[in-house]
Amino acid sequence: MSARGSRKRAPAKPGELTFTTLIERREWKPLPAVVLLAGESRFLRKHVERRFIDELFGGQPTPALERFDAAQDSENLLARVLDELRTVSILSEERLVIVDGADQFLSEHRDDLLEWVERGFSGGHLILHLDRPADARTKFVKAVAEHGWVVACRQPFDRPPPWQTDAPPWDNDLTRWIVAWAMHRGLEIDFQTAYALQERAGTDLGVLDECLEKIRTYIGGKTTRVDLRAVTAVAGDTREDSIFDLVDAFIAGDRPRAIDMAEKLFRAGYHPPRGGNPVFDAGSITIMFTGALVSRLRGLRRAHAMRAAGMGPDRWIEARLTTKPFTDRFRRDLGAMSPGRIAHAFESLLQLDRSVKSGGNPRLGLTVFLAGG
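Each chain carries its own residue numbering, running from 1 in the direction its sequence is written. Under the rules for a predicted model, residues below a pLDDT of 70 receive no local features and side-chain atom pairs below 80 are neither given nor counted, while totals for whole chains, interfaces and linings still include all residues. As a convention, hydrogens and water are excluded, and side-chain values are obtained from all of the structure's heavy atoms.

*Asks:* Explanation requested: the packing of helix α6 (residues 173-184) against helix α8 (residues 205-219) in the structure shown.
*Replies:* Two numbers describe a pair of packed helices, the interaxial angle and the distance between the axes. In this analysis an axis means a line fitted to C-alpha atoms, helices contributing only their contacting stretch, and an angle means the value between N-to-C directions, from 0 to 180 degrees. The helix count covers DSSP runs of H or I at least four residues long, the strand count covers runs of E at least two residues long, and both are numbered beginning at the N terminus. Here α6 crosses α8 at 40°, and the two axes come no closer than 11 Å. Classed by the angle they form, the pair α6 and α8 counts as oblique. The two elements α6 and α8 cross, and the hand of that crossing is right-handed. Where α6 approaches α8, its residues L174, W177, I178, W181 and A182 are matched on the opposing element by L205, L208, D209 and L212. In this count, Pro and Cys sit with the nonpolar residues alongside Ala, Val, Leu, Ile, Met, Phe, Trp and Tyr, while Asp, Glu, Lys and Arg are called charged and the others, Gly among them, polar. The residue makeup of the contact of α6 with α8, split by class, is eight nonpolar, no polar and one charged. Angles are sorted into four bins: roughly parallel if under 35 degrees, roughly antiparallel if over 145, roughly perpendicular if 65 to 115, and oblique for all others. Each crossing is labelled by how the near helix is turned from the far one, with a counterclockwise turn of less than a right angle marking it left-handed and a clockwise turn marking it right-handed. Pairs of residues are marked as contacts when any of their non-hydrogen atoms sit within 4.5 Å.

Put into structure tokens, the structure is as follows:
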């Protein structure tokens, strides 16, 4: 299905405002007094912030904007924030205060801020950047959802939900985000082609945005339709698998796929899904894989012991070995990794770790490990 043919989303309800539903709004005014930008995606939060500033000040210079970093400016921060919001500026009728890293600040002062959510600041506006999702159970967040905006800025998942075992790989939140964001940029891209871009460019939203801008330049004004040729021309022709994909392939027992993934990682480097510098050193990649796999194996080993004692999925969830949506996948992993295979993997991982740290060839060592897994 193309982006143009996809079903239009229903208007956001109070407390259910996502980044996409907000960006699709043509009109943002009247702007609320309090906005929570909540979630780990800094790209989404910054985009909403920039649009809010443009809407508030009309693209003009912003003399009435004050920014605080809660981690650095914690001393008397509440008083300073409120002073800025309530002080009338001679340069602008509107004032904006932005607090970065406001999770702890909000936890400590939400009761103090609650009274201002409904009554407002007489021309002042407050944006709080939260690195975690907002806790919808609190009175403050409920009040902001009713009188202001609570914008969910979570990083979209790049795989189908585990309970959709027959879903195509492009049936995931990140692919849908790419389709919607391309439309926002005046481009049309179907889900399969969007997934091809995701496979090549990775999961960083800023990188994907840059790729779409490059694609728009590449295709020029001749068309708005994005095809695989344009994606390949801009984003290359090879997929960058992640450490966690490699762990999944090993646990599933798919040795050829695991070895192929490892070769791609060594060749193209590991690109962290949340951004950051790519890792090209073979020893570092091998050690990262070892750490990720050990963590998964420990959980599976404990689940086997619990199962032997008559404990099932409910107890796995209580023990935080998995969560309810991922129970079926965890059960499949448990079936693929018998206690004997887990013990053999731990022994082989110990040998691999010693070899790498004593100057052995990490590329060869990891290939041998995967082949014998």
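Next comes the rest of the write-up.
*Asks:* I keep staring at the pattern of salt bridges and nothing clicks. Help me out?
*Replies:* A side chain with one charge may pair with a side chain of the opposite charge, provided their charged atoms come close. Think of a salt bridge as a Lys or Arg side-chain nitrogen and an Asp or Glu carboxyl oxygen that are within 4 Å of each other. A complete count under the given rule lists 24 salt bridges for this structure. The shortest N-O distance in the salt bridge between R137 and D135 comes to 2.9 Å. Via salt bridges that share partners, R159, D245, D248, R296 and D333 belong to a single interconnected network.

*Asks:* Can you help me understand the nonpolar core in this one?
*Replies:* A general tendency of soluble globular proteins is for nonpolar side chains to be buried together. By convention a nonpolar core is built from buried Ala, Val, Leu, Ile, Met, Phe, Trp, Tyr and Cys residues, the set being connected through side-chain atoms within 4.5 Å. The cut-offs for exposure are 20% and 50% of the maximum accessible area for each residue type, with area from a 1.4 Å probe on protein chains only; residues under the lower value are buried, those over the upper are exposed, and the others partly exposed. The biggest cluster of nonpolar side chains holds 44 residues, and the ones touching the most others in it are F52, W149, V151, W177 and L197. Counting 36 residues, the second-largest nonpolar core is a separate cluster that includes L300, I342, L349 and V356.

*Asks:* Can you help me understand the packing of helix α7 (residues 191-201) against α8 in this one?
*Replies:* For the pair α7 and α8, interaxial distance at closest approach is 10 Å and the crossing angle is 120°. Comparing their axes, α8 and α7 come out oblique. Taken as a pair, α7 and α8 cross one another with a handedness that is right-handed. Two secondary-structure elements touch here, α7 through L197, Q198 and A201 and α8 through V207, L208, C211, L212 and I215. Residue classes in the contact of α7 with α8 are distributed as seven nonpolar, one polar and no charged.

*Asks:* How should the sheet that holds strand β3 (residues 65-69) be read in this particular structure?
*Replies:* As a general point, the strands of a sheet are linked pairwise by backbone hydrogen bonds and lie either parallel or antiparallel. Two strands form a pair only when DSSP identifies at least two bridges running between them. What the six strands build is an open sheet, ordered β1-β6-β2-β5-β4-β3; its pairing is parallel. Every other strand in the sheet has two partners, leaving β1 (17-18) and β3 as the edge strands with one partner each. Of the pairings in the sheet, the one linking strand β2 (residues 34-38) to strand β6 (residues 149-152) comprises four bridges and is parallel in character. Bridge pairing in β6 places V35 opposite W149. Relative to the sheet, helix α3 (residues 77-86) contacts β3, β4 (95-100) and β5 (124-130), its axis offset from that of β4 by approximately 155°.

*Asks:* Is there a simple way to think about the side chain of T175 in this case?
*Replies:* Tracing the sequence through the fold places T175 in helix α6. Assessed through its relative accessible area of 0%, T175 is described here as buried. Excluding residues within four positions of it along the chain, T175 makes contact with W170, F191, A194, Y195 and Q198.

*Asks:* How should the packing of aromatic side chains be read in this particular structure?
*Replies:* Pairing of aromatic rings covers Phe, Tyr and Trp, the last through its six-membered ring, and needs centres within 6.5 Å; plane angles under 30 degrees mean stacked, over 60 mean edge-to-face, and all others mean tilted. Counted according to the given criterion, the structure contains 10 aromatic pairs. Measuring from ring centre to ring centre gives 5.9 Å for F43 and W181, while their planes differ by 80°; the resulting arrangement is edge-to-face. Highlighted residues: F43 in helix α2 (residues 42-57) and W181 in helix α6, separated in sequence by 138 residues. No difference in accessibility class separates F43 from W181, as the two residues are buried. Through successive ring pairs, a cluster of aromatic residues spans F19, F43, W177 and W181. Any Lys NZ or Arg CZ found within 6 Å of a ring centre and within 35 degrees of that ring's normal is scored as a charge over the ring. Stacked on the ring of W116, the Lys or Arg R119 has its end atom at 4.4 Å from the ring centre. Stacked on the ring of F250, the Lys or Arg R341 has its end atom at 4.9 Å from the ring centre.

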